[in-house]
Amino acid sequence: MTGLLKCSDCGSTMTNSFTNKKKRRYFYYRCQSVIRRGRTACNTKEVNAEKLEMFITDSLSRVSQDNQYLDNLAFRILHETLRRNGFEPSEELRKNLATRVQQVLIDFKNQINKGTQIEKALIFQRVIRKVRFERNYLEVVVRVRDMQYLPSHDTVGHASGA
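Everything numeric in this text was worked out from a predicted model, so none of it was measured. (Residues numbered from 1 in each chain as written. Predicted model: local features only at pLDDT ≥ 70, side-chain atom pairs only at ≥ 80, totals over all residues. Heavy atoms only, no water.)

1. Here's the deal with the overall build of the chain
Across its full length, the chain carries five helices and seven strands. Every one of the 162 residues in the chain was classed for burial, and the buried ones make up 40%. Nonlocal contacts in the chain, meaning residues at least 24 apart in sequence, comprise 46% of its contacts between residues at least 6 apart. For the chain, the computed accessible surface area is about 9,800 Å², with 47% contributed by carbon and sulfur atoms. (Helix = DSSP H or I, 4+ residues; strand = E, 2+ residues; numbered from the N terminus. Buried < 20%, exposed > 50% of the residue type's maximum accessible area, 1.4 Å probe, protein only. Contact = heavy atoms within 4.5 Å. Areas by Shrake-Rupley, 256 points an atom, 1.4 Å probe, with all protein chains shown as cover.)

As structure tokens, then:
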């Protein structure tokens, strides 16, 4: 997720790093401000990569099962996108978008669950556009492709408790 993950405390990119302890390698995402200017530069020093990736995957999986959330998200996206251009989105368009987002999230979960570590990294890069991290808040922007009725679109999911 290097390049995708932003620290919301200071706005810096968080990059992957690791440490070796007791014959095991632990992976983290570290705030670039902390790396460049020292531990006092930002409150968010690092986050455990495995836990964060699992939390994102679990959260997106839950969102994929929440039809009301998906409908509301599709409604909001369409109204922000189409109304700006003077179009009134149809109910069918909203349902199609909600279904497409749901399918992207389900495919993401299925691919992550059966992929190798390298495949998982590539899947995150392909599906996730941006992640904004705080200790108590996480914003994930997901790429939604192949939507003939909209130019190019991203959807946002929010989760608490990272």
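There is more to say after this.
2. Considering the layout of surface pockets
Of the volumes computed, that of the largest pocket is approximately 560 Å³. In terms of lining residues, the largest pocket is bounded by 20 residues, among which Phe-27, Ala-49, Glu-50, Glu-53 and Gln-117 are the most central. Among the secondary structure elements, those contributing two or more residues to the lining of the largest pocket are strand E3 (24-31), helix H2 (49-64) and helix H5 (117-127). Tallying contributions element by element places H2 first for the lining of the largest pocket, with six residues. (1 Å grid on protein atoms, 1.4 Å probe; cavity = no way out; pocket = protein on both sides within 12 Å on 5 of 7 lines; lining within 4 Å. Points joined across faces, edges and corners; volume = space filled by probe spheres on them.)

3. Here we look at the sheet that holds strand E2 (residues 14-21)
As summarised here, the arrangement of the three strands in space is E2-E3-E4, forming an open sheet in which the pairing is antiparallel. This sheet does not close on itself; its edge strands, each paired only once, are E2 and strand E4 (46-48). Averaged over all pairs of adjacent strands, the angle between their axes in this sheet comes to 35°, without regard to strand direction. Against the sheet, H2 makes contact with E3 and E4, and its axis sits at roughly 70° relative to E3, the strand it touches most. (Pairing = 2+ DSSP bridges. Axes fitted to C-alpha atoms, helices over the stretch in contact; angles between N-to-C directions.)

4. Some remarks on the packing of aromatic side chains
On inspection of all chains with the given rule, the structure shows two aromatic pairs. Between Phe-18 and Phe-27, the aromatic rings sit 6.0 Å apart at their centres with planes inclined by 55°, giving tilted as the arrangement. Classification of Phe-18 by relative accessible area gives partly exposed; the value is 40%. The ring of Phe-18 has Arg-25 sitting right over it, with the charged end atom 3.8 Å from the ring centre. (Phe/Tyr/Trp six-rings, centres within 6.5 Å; stacked < 30°, edge-to-face > 60°. Lys NZ or Arg CZ within 6 Å of the ring centre and 35° of its normal.)

5. A few points about the pairing of strand E5 (residues 128-134)
Sheet topology note: the strand E1 (residues 5-7)/E5 ladder contains three bridges and is parallel. Note that in E5 the partner of Leu-5 across the bridge is Val-131. Taking the residues between adjacent antiparallel strands as the criterion, E5 and strand E6 (residues 137-144) are bridged by two residues.

6. Here we look at the environment of Gln-102
Among the structural elements, Gln-102 can be located in helix H4 (residues 91-114). On a C-alpha basis, the gap between Gln-102 and Asn-67 in space is 8.3 Å, while along the polypeptide they are 35 residues apart. Once residues within four sequence positions are removed from consideration, Gln-102 is found in contact with Ser-64, Asn-67 and Leu-70.

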